[in-house]
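A structural walkthrough
Chain by chain, the residues run as shown.
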Amino acid sequence: GAGVSQSPRYKVAKRGQDVALRCDPISGHVSLFWYQQALGQGPEFLTYFQNEAQLDKSGLPSDRFFAERPEGSVSTLKIQRTQQEDSAVYLCASSFRLAGMNEQFFGPGTRLTVL
Amino acid sequence: SQQGEEDPQALSIQEGENATMNCSYKTSINNLQWYRQNSGRGLVHLILIRSNEREKHSGRLRVTLDTSKKSSSLLITASRAADTASYFCATVVGSSYKLIFGSGTRLLVRP
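The shown structure was predicted, so the numbers you read here are calculated from the model rather than taken from an experiment. Starting from 1, residues in each chain are numbered consecutively following that chain's sequence as written. Following the order in which they are written, the chains are lettered starting with A and the ligands numbered starting with 1. Only residues with pLDDT of 70 or above have their local features reported here, since the model is predicted, and side-chain atom pairs are shown and tallied only from 80 upward, although totals for entire chains, interfaces and linings are computed over all residues. The basis for every side-chain value is the complete set of non-hydrogen atoms in the structure, without hydrogens or water.

Considering unusual backbone geometry
The step from S7(A) to P8(A) runs through a cis peptide bond, and the omega angle for that step is -10 degrees. Put simply, DSSP marks the helices as runs of H or I at least four residues long and the strands as runs of E at least two long, and each gets a number from the N terminus on. The topology assignment puts P8(A) in the loop between β1 (5-7) and β2 (10-13). The backbone of K70(B) sits at a positive phi, close to 50 degrees, despite the residue not being glycine. Summarising the element assignment, K70(B) is placed in the loop between β7 (61-66) and β8 (71-76).

Considerations on the side chain of R69(A)
All names here are of chain A. With respect to the helices and strands, R69 occurs in the loop between β7 (65-68) and β8 (75-79). Throughout this description, buried means an accessible area under 20% of the type-specific maximum (1.4 Å probe, protein chains only), exposed means over 50%, and partly exposed covers the range between. Positive residues here are Lys and Arg, negative ones are Asp and Glu, while His and the chain termini are left out of the count. By salt bridge we mean one thing: a side-chain nitrogen of Lys or Arg within 4 Å of a carboxyl oxygen of Asp or Glu. Buried charged residue R69 carries no salt bridge. Nearest counter-charge: E52, at 7.1 Å. Looking at R69, its side chain comes within polar contact range of the main-chain oxygen of G72, at 3.0 Å. Polar contact criterion, stated in full: a pair of N or O atoms within 3.5 Å, where within protein one must be able to donate a hydrogen and the other to accept it, and residues adjacent in sequence count only if both atoms are side-chain atoms. Reaching out from R69, the side chain makes a polar contact with the backbone oxygen of S73 at a distance of 2.8 Å. Working rule for contacts: check all heavy atoms of both residues, and any pair within 4.5 Å makes them a contact. Contact partners of R69, with chain neighbours within four places excluded, come to P25, H29, V30, S31, L32, F49, Q50, N51, E52, V74 and S75.

Looking at the sheet that holds β7(B)
Residue and element names in this part refer to chain B. Here 5 strands make up an open sheet; going across it, the order is β1-β3-β8-β7-β6 and the pairing antiparallel. The open sheet has two edge strands with one neighbour each: β1 (5-7) and β6 (55-58). Going across the sheet, the axis of each strand differs from the next one's by a mean of 15 degrees, ignoring polarity. Criterion used throughout: strands pair if DSSP finds at least two bridges between them. Direction of pairing for β6 relative to β7: antiparallel, over a ladder of 4 bridges. Counterpart to H57 in the pairing with β7 is R62. Here the axes come from fitting lines to C-alpha atoms, over the contacting stretch only for helices, and the angles between their N-to-C directions go from 0 to 180 degrees.

Focus on the sheet that holds β8(A)
All names here are of chain A. Strand order in the open sheet formed by 4 strands is β1-β3-β8-β7, with antiparallel pairing between adjacent strands. Here the strands that pair on one side only, and so sit at the sheet edges, are β1 and β7. Pairwise comparison of adjacent strand axes, ignoring direction, gives a mean angle of 15 degrees for this sheet. Relative to β8, strand β3 (residues 19-24) runs antiparallel, the two sharing 5 bridges. By the bridge assignment for β8, A20 is matched with K78.

Overview of the pairing of β7(A)
Residue alternation in β7(A) divides its side chains into a buried set, F65(A) and A67(A), and an unburied set, F66(A) and E68(A). As consecutive antiparallel partners, β7(A) and β8(A) are separated by 6 residues, and within that stretch G72(A) has a phi angle of approximately 75 degrees, a positive value.

Considering the state of the cysteines
Cysteine pairs can be linked by a disulfide, which is a covalent bond between their two sulfur atoms. Residues and elements named next belong to chain A. Disulfide assignment relies on a single distance test, namely cysteine sulfur atoms paired within 2.5 Å. Taken as a whole, this structure holds 2 disulfides over all chains when the rule is applied. Paired through a disulfide, C23 and C92 show a sulfur-sulfur distance of 1.8 Å. Taking the torsion about the sulfur-sulfur bond, which here is approximately -65 degrees, the covalent link between C23 and C92 counts as left-handed. In this pair, C23 is assigned in strand β3 and C92 in strand β9 (residues 88-95), connecting sequence segments 69 residues apart. For the residue pair C23 and C92, the accessibility class agrees, reading buried in each case.

So this is what it looks like as structure tokens:
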């Protein structure tokens, strides 16, 4: 079966532009995560969904970041008024059941470059 | 902020040699997971070890966990050029769900 997919794979935005990043998790996976990975660093947690409920958004760096998963499957991470410090790879991951107890399956990521 | 620190930051070995990477973390954990990341396949789960386990094997991988020292090690035996990648440890704390990653070890296996 298909893994986690993300689109676009690469995004170049001008500072101040809004962007939307999409994640298609593995079908049937209850848990969905967004992580941000800066160059040369490990991924850092942004937010977590269990089905359509956003249970934790403590990792979102500012109120310019917004995530949704309205039907409990596809998720979108939106960044408003992008800044240069938002440049990073944004990773989406999904997990079948209780997250934390099992492995997470990661997508290929979206590399965002803000000029 | 990141919980774990991997050591070394970078490692270069010859094909066929063993590679050992270490991970230290700060708080008590529920489990610890190792992931591999390369440009071809993205971030891939390798192995999960629970806090009540001390050692686990999977193919050429051996993971140990010492909760008293808050540390873990990943051993890759008989390395191959295809093992070239960055390796990350990630912890799960308590009943939480998110992975807290370390800074990674960049492994280069020379053919």
